[in-house]
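# Chain and residue survey
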Amino acid sequence: MNRLNCTTVLTVILLVTTCLDGAGREIRDIDADRDAFTPSTSLVDTKHSLIESAFTFIDVRNGPDTYSFPEFLFRRRISDGFELRLGVNQEIGSSGNVVTAIESGEGLGDILSSETSLFYGLKTHLTDQSGWIPRSVVIVEAFTPVASDVWNTEPVASVVWGWELPDYYRFDAAFRYVYAASEEGTFNRWQPSVALRMPVTERFEIHAEWFGTWTTGHINDTVRPFAGPGCHLLIAKGFELGLRMGWGLTQDAANFFVNAGTAYRF
């Protein structure tokens, strides 16, 4: 996929946003985490499970392009305040361009690499929205490689919070910390993000998002911020399709990425 294709998709999203007059309608949302880099502030309800999967293409600026699939995530409520999370993913290309919540390697430059990881963890509810107090959750996970150049298990902790605004708009933010590993040793990866989610119809929502990755303690520390739009469409009861993309804002970041995926609640 080239820049022209990405620009075309972005133009379509902007035209839909401009031309449809349905903004402000309450969206029927299944609260998938994969809809944006910023996860949902909701847990799966007690009556359902949720399966999410996606494919990501990353146009790396200085190295082989990166492909990530299936980004499979199974979510299941196991108690009043906790959700179980299990998943698997494979990434092929120049690792280190993190544009999804799926953890990957770091800084292999122009070397073609492959990494397959299992991940597992919990998501727990913290607060409900009340005035200026946001709705919030905490996610604690670990990513363990089963085929990789680096075999360290990487623990990850995220706090996510947000507010429902007038006309059913939502503003969400997150901060993610990874105790990451590379061939040179362990280091810190910090990942803040913000997303404004806007309903267009009851089944179609768009968002604008900024997120980034900062490393400290790595032999070659990097700053990789991204910005871009996304959308998801509920096409049947409990089943949605989603598309998001973004552009790197520094020379460390990839040129652009595109991510397409699904979520199914049952």
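None of the values given here were measured: they were computed from a predicted structure. (Residues numbered from 1 in each chain as written. Predicted model: local features only at pLDDT ≥ 70, side-chain atom pairs only at ≥ 80, totals over all residues. Heavy atoms only, no water.)

### Regarding the overall build of the chain
Using the following cut-off: A run of H or I in DSSP becomes a helix once it reaches four residues, and a run of E becomes a strand once it reaches two; helices and strands are each numbered from the N terminus. Buried residues are those whose accessible area, probed at 1.4 Å on protein chains only, stays under 20% of the maximum for their type, while exposed residues exceed 50% and partly exposed ones sit between those limits. It only takes one pair of heavy atoms within 4.5 Å for two residues to be counted as in contact.
For the chain, the helix and strand inventory stands at one helix and 12 strands. Across the 266 residues in the chain, those meeting the buried criterion constitute 50%. Sequence separation of 24 or more characterises 57% of the internal contacts of the chain that already satisfy a separation of 6 or more.

### Some points on the pattern of salt bridges
The criterion, for reference: Salt bridge, as applied in this entry: a Lys or Arg side-chain nitrogen positioned within 4 Å of an Asp or Glu carboxyl oxygen.
The full count for this structure, using the stated rule, is 13 salt bridges. Notably, a salt bridge pairs Asp35 with Arg34, separated by 3.5 Å at the nearest N-O pair. With relative accessibility at 5%, the residue Asp35 sits in the buried group. Between Arg197 and Asp172 there is a salt bridge; the shortest N-O distance is 2.7 Å. Taken together, the residues Arg197 in strand β8 (residues 185–199) and Asp172 in strand β7 (residues 170–182) connect sequence positions 25 residues apart. Judged by relative accessible area, Arg197 falls into the buried class, the value being 4%. Residues joined by salt bridges that share partners form a network here, namely Asp33, Glu52, Arg75, Glu83, Arg85, Lys123 and Glu141.

### Section: empty space enclosed by the protein
Gaps left between atoms show up when a probe the size of a water molecule is rolled over them. Basically, it comes down to this: A cavity, in this analysis, means grid points on a 1 Å lattice covering only the protein atoms where a 1.4 Å probe fits yet has no way out; a pocket is instead an open set bounded by protein on both sides within 12 Å along at least five of seven lines, and a residue lines either one if it has an atom within 4 Å of a point. Grid points are joined across faces, edges and corners, and a volume is the space filled by probe spheres set on the points. Amino acid classes used here: Ala, Val, Leu, Ile, Met, Phe, Trp, Tyr, Cys and Pro are nonpolar; Asp, Glu, Lys and Arg are charged; the rest, including Gly, are polar.
Across all of its chains, the model carries five cavities of 30 Å³ or more by this definition. In this structure, the largest cavity occupies an estimated 260 Å³ of space. Of all the secondary-structure elements, those providing two or more residues to the lining of the largest cavity are β1 (49–59), β2 (66–77) and β5 (135–147). Across the lining of the largest cavity, the residue classes break down as nine nonpolar, four polar and eight charged.

### So, the sheet that holds strand β10 (residues 223–236)
Rules: In this analysis, strands are considered paired if DSSP registers two or more bridges between them. For every element, the axis is a line fit to its C-alpha atoms; helices are fit only across the contacting stretch, and the angle between N-to-C directions ranges from 0 to 180 degrees.
In space, the 12 strands of this closed barrel follow the order β1-β2-β3-β4-β5-β6-β7-β8-β9-β10-β11-β12, with antiparallel pairing throughout. Here the strands of the sheet are splayed against their neighbours by 20° on average, with no regard to which way each runs. With 10 bridges connecting them, β1 and strand β12 (residues 256–265) associate as antiparallel partners. Each residue of the ladder has a partner; that of Ser53, found in β12, is Thr262.

### Considering a nonpolar patch on the surface
As a reminder of what qualifies: Think of a patch as exposed residues, more than 30% relative accessible area, with no salt bridge, where like charges cluster within 9 Å and nonpolar side chains (Val, Leu, Ile, Met, Phe, Trp, Tyr) cluster within 5 Å. Per-residue and other accessible areas follow the Shrake-Rupley method at a 1.4 Å probe size, with only the shown protein chains counted as cover for residues.
The grouping of Leu165, Phe171, Val194, Trp210 and Leu249 at the surface amounts to a nonpolar patch, some 390 Å² of accessible area in total. Residue position: Phe171 is located in strand β7.

### Focus on the nonpolar core
To be explicit about the condition: The term nonpolar core refers to a set of buried residues drawn from Ala, Val, Leu, Ile, Met, Phe, Trp, Tyr and Cys, joined through side-chain atoms within 4.5 Å.
Counting 10 residues, the largest nonpolar core is built from Phe37, Ile58, Val60, Val98, Val99, Phe211, Phe226, Ala253, Ala254 and Phe257. Ile102, Phe119, Val156 and Phe187 belong to the second largest nonpolar core, which has eight residues in total.

### Concerning the side chain of Thr100
Note the threshold: Two N or O atoms form a polar contact when they lie within 3.5 Å of each other; inside protein one atom must be a possible hydrogen donor and the other a possible acceptor, and for residues adjacent in sequence the pair counts only when both atoms belong to side chains.
Within the fold, Thr100 resides in the loop between β3 (82–93) and β4 (113–127). Within the local environment of Thr100, its side chain forms a polar contact with the backbone nitrogen of Ile102, the two atoms lying 3.1 Å apart. Aside from chain neighbours lying at most four places away, what touches Thr100 is Phe37, Thr56, Glu71, Arg176, Arg244 and Asn259.

### Things to note about the packing of aromatic side chains
What counts, and what does not: Each Phe, Tyr or Trp ring, with Trp reduced to its six-membered ring, pairs with another whose centre is within 6.5 Å; inter-plane angles below 30 degrees give stacked pairs, above 60 give edge-to-face pairs, and intermediate values give tilted ones.
On inspection of all chains with the given rule, the structure shows 13 aromatic pairs. Ring geometry for Phe226 and Phe257: centres 5.8 Å apart, planes at 80°, overall edge-to-face. On the criterion of sequence distance, the pair formed by Phe226 in strand β10 and Phe257 in strand β12 is long-range, its members being 31 residues apart. Here Phe226 matches Phe257 in class, with each residue buried. Each residue in the set Phe55, Phe57, Tyr67, Phe69 and Phe256 is aromatic and connected to the rest through ring pairs, giving one cluster.

### Describing the side chain of Ser40
Take Ser40: it is sitting in the loop between α1 (3–19) and β1. Leave out the neighbours within four places in its chain, and Ser40 touches Asp31, Ala32, Asp33, Lys123, Val137 and Val160.

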